[in-house]
Amino acid sequence: MNVIGSRPDGWWNKPEAAMREFARAVHTHAAVTGKEITVVFDSDPGGLPETTHVEVVIARRRGRNAADHEIERLVTEDQDPSHLRVVTSDRALIDKVKGLGATVISSGTFRDELDR
């Protein structure tokens, strides 16, 4: 949610709709760029669009930082986390995934990529 929340566009009024729109935007970006992208959500917004170019993961845990824990799990379980690029602006998550060998790109930088 910190990627969605990096823009003060009223997303908090309809967070589930914002999550679905974000999934669509990432899908389009992945289709155009050929990047393999996984989106991790804290909860299931329901009605997610078909995303053949993006893997959508719903956090196994519930509550605060559920997606952060899921991202950390995915990085930990990856055979070679050095090829992973995690998008976040959360300082604690940045420290954890960098410590596991992944690289990090800021939420704002990724949102700028989506807008291009």
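Located above this text is the structure these notes cover.
Residues numbered from 1 in each chain as written. Predicted model: local features only at pLDDT ≥ 70, side-chain atom pairs only at ≥ 80, totals over all residues. Heavy atoms only, no water.

Attention now moves to the packing of helix α1 (residues 15–33) against helix α4 (residues 107–115). Each pair of packed helices can be summarised by the angle the axes make with each other and by the distance between the axes. For the pair α1 and α4, the least separation of the axes is 9 Å and the interaxial angle reads 70 degrees. The pairing of α1 with α4 is recorded here as roughly perpendicular in orientation. Judged by the sense of rotation from one axis to the other, the crossing of α1 with α4 is left-handed. For the pair formed by α1 and α4, the contact residues are F22, A25, V26 and H29 on the first element and F110, R111, E113 and L114 on the second. Residue composition of the contact of α1 with α4, by class: five nonpolar, one polar and two charged. (Axes fitted to C-alpha atoms, helices over the stretch in contact; angles between N-to-C directions. Helix = DSSP H or I, 4+ residues; strand = E, 2+ residues; numbered from the N terminus. Parallel < 35°, antiparallel > 145°, perpendicular 65-115°, else oblique. Left-handed = near helix turned anticlockwise from the far one by under 90°. Contact = heavy atoms within 4.5 Å. Nonpolar A, V, L, I, M, F, W, Y, C, P; charged D, E, K, R; others polar.)

Owing to its 3.6 residues per turn, the α-helix brings residues three or four apart onto one side. If you check which residues of α4 are buried, you get S107, F110, R111, E113 and L114. Along α4, the residues classed as buried sweep out an arc of 155 degrees about the axis, all on the same side. Here the buried face of α4 lies against α1, β1 (37–41), β3 (85–87) and β4 (103–105). (Buried < 20%, exposed > 50% of the residue type's maximum accessible area, 1.4 Å probe, protein only. Arc of directions from axis to C-beta.)

Two numbers describe how helix α2 (residues 66–77) lies on helix α3 (residues 91–99): the axes approach to 10 Å, and their chain directions differ by 10 degrees. Considering the angle they form, α2 stands roughly parallel to α3. Counting all contacts with α2, which are made through D68, I71, E72 and V75, the residues of α3 involved are L93, K96 and V97. For the contact of α2 with α3, the residue count by class is four nonpolar, no polar and three charged.

With that settled, the discussion passes to the side chain of T88. Along the chain, the position of T88 falls in the loop between β3 and α3. What makes T88 buried here is its relative accessible area of 2%. Looking at T88, its side chain comes within polar contact range of the side chain of N2, at 3.0 Å. A polar contact is formed between the side chain of T88 and the backbone nitrogen of D90, at a distance of 3.0 Å. Other than its neighbours up to four places away in sequence, T88 contacts N2, L93, I94, V104, I105, S106 and S107. (Polar contact = N/O pair within 3.5 Å; in protein donor to acceptor, adjacent residues only side chain to side chain.)

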